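Close look at the chain arrangement
Okay, here's what each chain looks like letter by letter:
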Amino acid sequence: MSSTDNQPANSAVSEEKEQRLAALKAWLGGLSAHSIELDTLRPASSDASFRQFYRIDTKDGRSLIAMDAPPATENSAAFIKMANLLKSINLTVPEVLEQNLEEGFLVVTDLGLHTYAHVLNLDTAHHLYLDAIDALVLMQAQSQPDVLPEYDRAFLLRELNLFPEWYINKHLGVTLTEAQTATLNKVFDHLLASALAQPQVYVHRDFHSRNLMWMDKGNPGIVDFQDAVYGPITYDLVSLLRDAYVQWDEEMVLDWAIRYWEKAKRAGLPVAPDIDSFYRDFEWMGVQRHLKILGIFTRLHYRDGKDNFLGDIPTVMEYVRKTCHRYKELVPLLRLLDELENTAPQVGYTF
């Protein structure tokens, strides 16, 4: 869920993508170390950023991933740094085999075809989530300050402000009154105070079903970690358990959250000493994250022409509403959402 403020037109994006693909092929053609079969290059996946991923075979029967990450919008140096960091913790991540930071090209090992999103169901979820929780605790237990960028107040607030800018103004077509803005800002202050009061650890920032790979050994494989920061301890757990793309019953989420809390305590992590305080931190962190996501999903549609994220908005909004209903400090946001839906132009959005 990487973000950028550039605003390319769709036709320009398509032309640039073709030019970059040609440049990528030329670079790959000059690599001799991996016996790459250039004619097998094919799309592997894309994400919410401007990166493109291609799978390519080698003569010895392996497949590798070629990553095109335009330097103007993507930070490949951060990807390499975090890949090395996570590997040093014995977590499963793609190994960087070749790099061209000037052009934004990487070749990395292939973690396979199956994300958690592909294999999660009621039979597999418990085992998969416990593996992911173990990996998360392992990563957090190695956290040190001054290694990754700080997820500070200004950073968290910039993310929150995507919600009024893109979801309220652009998507709903509503301009907030001064009173409504004051209400929203007061809720933001509560959310920021909660986040900043939490213990700070390494934060992946998108630790969810589309960025976790199901592995026979070393499960899960972890990808899309280049935006990692040093921030609130509940953030990645919220990403995992209140996933924008996969929703679980509250009882299951609470059970997994308690299991994380118990494992984190045993690992010496400074989580809140009682589960009620911890779960409140978890829930409030979720509101911050989900308001950001509502802004990003609508921005992807209006600015970047990526419409496929609009269908996930109802799930994200349901998370926000349910949580706000449970805490008196957040109820004003629930009332504001009701006001906005009543005043928004009826343009017939369907999800």
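Nothing here was measured: the structure is a model prediction, and the numbers come from that model. Position labels on residues start from 1 in each chain and follow its written sequence. Thresholds applied to this predicted model are a pLDDT of at least 70 for local features of residues and 80 or more for the giving and counting of side-chain atom pairs; totals over whole chains, interfaces and linings are not thresholded and use all residues. Side-chain descriptors were evaluated using all non-hydrogen atoms of the structure, hydrogens and water having been removed beforehand.

Glancing now at the overall build of the protein. Numbering of helices and strands runs from the N terminus; a helix is a DSSP stretch of H or I covering at least four residues, while a strand is a stretch of E covering at least two. Check the secondary structure of the protein and you find 12 helices and nine strands. A compact globule built from 351 residues would reach a C-alpha radius of gyration of about 20 Å, and the protein, at 21 Å, matches this within 12%. Principal-axis analysis of the C-alpha atoms gives the protein an extent of 60 × 50 × 40 Å. Pairs of residues are marked as contacts when any of their non-hydrogen atoms sit within 4.5 Å. Partitioning the intrachain contacts of the protein with sequence separation of at least 6 by distance along the chain shows that 70% fall at a separation of at least 24. Each accessible area value is a Shrake-Rupley result obtained with a 1.4 Å probe; residue values ignore everything except the protein chains displayed when judging cover. Surface summary for the protein: the accessible area is close to 15,900 Å², and the carbon and sulfur share equals 49%. Charge assignment in this entry is limited to Lys and Arg as positive and Asp and Glu as negative, and neither His nor the chain termini are counted. Just so you know, the charge point we use is NZ for Lys, CZ for Arg, CG for Asp and CD for Glu. Across the protein, 33 positive and 49 negative side-chain charges occur, with their mean positions spaced 2 Å apart. All radius of gyration figures rest on C-alpha atoms, and the globule criterion is 2.2 Å times the number of residues raised to 0.38.

Turning our attention to the nonpolar core. Within the largest apolar cluster, 101 residues are counted, with the highest numbers of intra-cluster contacts made by Y260, L291, F297 and L333. The greatest single-element share of this core, amounting to 12 residues, is contributed by helix 10 (residues 275-302). Excluding residues that lie within four positions of it along the chain, Y260 makes contacts with I133, L136, V137, Q140, I233, L237, L269, V271 and F278. I36, Y54, F105 and V107 belong to the second largest nonpolar core, which has 13 residues in total. To form a nonpolar core, buried Ala, Val, Leu, Ile, Met, Phe, Trp, Tyr and Cys residues must be joined to one another through side-chain atoms within 4.5 Å. Note on exposure labels: buried denotes an accessible area under 20% of the residue type's maximum, exposed denotes more than 50%, and partly exposed covers the range between, all computed with a 1.4 Å probe on protein chains only.

This part covers unusual backbone geometry. Trans peptide bonds make up the majority, and among non-glycine residues the majority have a negative phi. Looking along the chain, the bond that leaves N219 and enters P220 is cis, with omega of -5°. Mapped onto the secondary structure, P220 falls in the loop between strand 7 (212-213) and strand 8 (221-222). Phi at S35 is positive, roughly 50°, even though this residue is not glycine. Within the element layout of this structure, S35 appears in the loop between helix 1 (10-29) and strand 1 (42-46). Residue D146 is not a glycine yet carries a positive backbone phi of 65°. With respect to the helices, strands and loops of the structure, D146 is situated in the loop between helix 4 (125-141) and helix 5 (153-160). For D146, a relative accessible area of 75% gives the class exposed.

Right, let's talk about the packing of aromatic side chains for a bit. Stacked, tilted and edge-to-face are the three classes applied to pairs of Phe, Tyr and Trp rings, where Trp contributes its six-membered ring and a pair requires centres within 6.5 Å; stacked means planes under 30 degrees apart, edge-to-face means over 60, and tilted covers the rest. Taken as a whole, this structure holds 14 aromatic pairs when the rule is applied. Aromatic side chains Y151 and Y235 sit 5.3 Å apart centroid to centroid with 65° between the ring planes, which places their arrangement in the edge-to-face category. Separated by 84 residues along the polypeptide, Y151 in the loop between helix 4 and helix 5 and Y235 in helix 8 (residues 235-241) bring together distant segments of the chain. With respect to class, Y151 is no different from Y235; both count as buried. An aromatic cluster is present here, built from Y129, W248 and W256 joined pairwise through their rings. In this scheme, Lys NZ or Arg CZ marks a charge over a ring once it lies within 6 Å of the ring centre and within 35 degrees of the ring normal. The ring of W261 has K265 lying over it, and the distance from NZ or CZ to the ring centre is 3.6 Å.

Geometric values such as these leave the question of function open.
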